[in-house]
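# Descriptive structure summary
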Amino acid sequence: MNNKEIIEKICPDSIDENGEVKSLEKQLLEFEYGIKEYYHPFVIVENSEKLDYAEVPNKPLFLNISTVQKLKTKHDMDLKFLIKLSDITKESIFAFDSIRHDSSKVFVTKEKNEKNYPIIFIVREDKKAGVYTVNELTSIYDRKNLQNLIDSTLTKGGSVYVNPEKKQEFKELGYDISLKKIEQEKDRIDFRNKEKEKSQEI
């Protein structure tokens, strides 16, 4: 069964009269203005091929109605921004493993908030939807101190994935994805702790 057939089974209202998947913009506008009732997730993109550099399976990428409500109320993201999600998810610069959920990955976009914090989104891979499996965008928000999260991921054995189409943009961001810096910091902490122990023995 191909991705469009999976969408037809799970999200029939996301298919138009010509049998094509509606744009996310059309789905969200129909829902927002009560043109059509939606009782199922929205389809961000039919295929997750633009996320495959981070080893995400090529399944449809869904967005739950409850997630839309949370993004609007908790993260103050308006409809104008949400409509852009299909483009944003296709243009991520790099990604890394989630340290909270084994089945999720964190993607970093070129978008920034008013404080210049990067906007990241989380994708849960192979989520069960009845008898089918899909990918789900579970959240998108700005992240302060992103380097700290990257460091934690590397320290715990997680991987970082750079979009091969965005290598120059990644380089310009200036994030350090090597373990060398983390190991040097660990050595400094160990040294300070040993010096402290010596001083207490005297």
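For the structure, check the block above.
Residue numbers restart at each chain and count upward from 1, following the sequence in its written direction. Local features in a predicted model are, by the rule used here, given only for residues with pLDDT of at least 70; side-chain atom pairs are given and counted only at 80 or more, and totals for whole chains, interfaces and linings are based on all residues. Hydrogens and waters are ignored; side-chain quantities use all the structure's heavy atoms.

A word on the sheet that holds strand β5 (residues 118–129). Pairing between two strands requires that DSSP report at least two bridges joining them. Helix and strand definitions follow DSSP, with helices as H or I runs of at least four residues and strands as E runs of at least two, each counted in order from the N terminus. The seven strands lie next to each other as β1-β2-β6-β5-β4-β3-β7, forming an open sheet whose pairing is mixed. The open sheet terminates on both sides in strands that have one partner only, identified here as β1 (42–45) and β7 (160–162). Mean inter-strand twist for the sheet, computed between neighbouring axes without regard to direction, equals 35°. For strand β2 (residues 61–63) and strand β6 (residues 132–142), the ladder comprises two bridges, and the chain directions are parallel. Bridged to Leu61 within β6 is Asn135. Contact definition: two residues touch when any of their heavy atoms are within 4.5 Å. To get an axis, fit a line to the C-alpha atoms, keeping to the stretch in contact for a helix; angles then go from 0 to 180 degrees between the N-to-C directions. Along the sheet, helix α1 (residues 3–10) makes contact with β1, β2, β5 and β6, crossing β6 at roughly 80°.

We now examine the packing of aromatic side chains. Note on ring pairs: Phe, Tyr and Trp rings are taken, using the six-membered ring of Trp, and paired if centres are within 6.5 Å. Classes follow the plane angle, with under 30 degrees stacked, over 60 edge-to-face and the rest tilted. Evaluated as defined, the whole model comprises seven aromatic pairs. Judged by centre distance (6.1 Å) and plane angle (90°), the rings of Tyr53 and Phe107 are edge-to-face. Taken together, the positions of Tyr53 in the loop between β1 and β2 and Phe107 in strand β4 (residues 104–112) put the pair 54 residues apart, joining distant regions of the chain. Here Tyr53 matches Phe107 in class, with each residue buried. Geometrically, the ring pair formed by Phe107 and Phe121 is stacked, given 5.1 Å between the ring centres and 5° between the ring planes. With a gap of 14 residues between them, Phe107 in strand β4 and Phe121 in strand β5 connect regions that are remote in the sequence. Burial here depends on accessible area, computed with a 1.4 Å probe over protein chains only, as a share of the maximum for the residue type. Under 20% is buried, over 50% is exposed, and the range in between is partly exposed.

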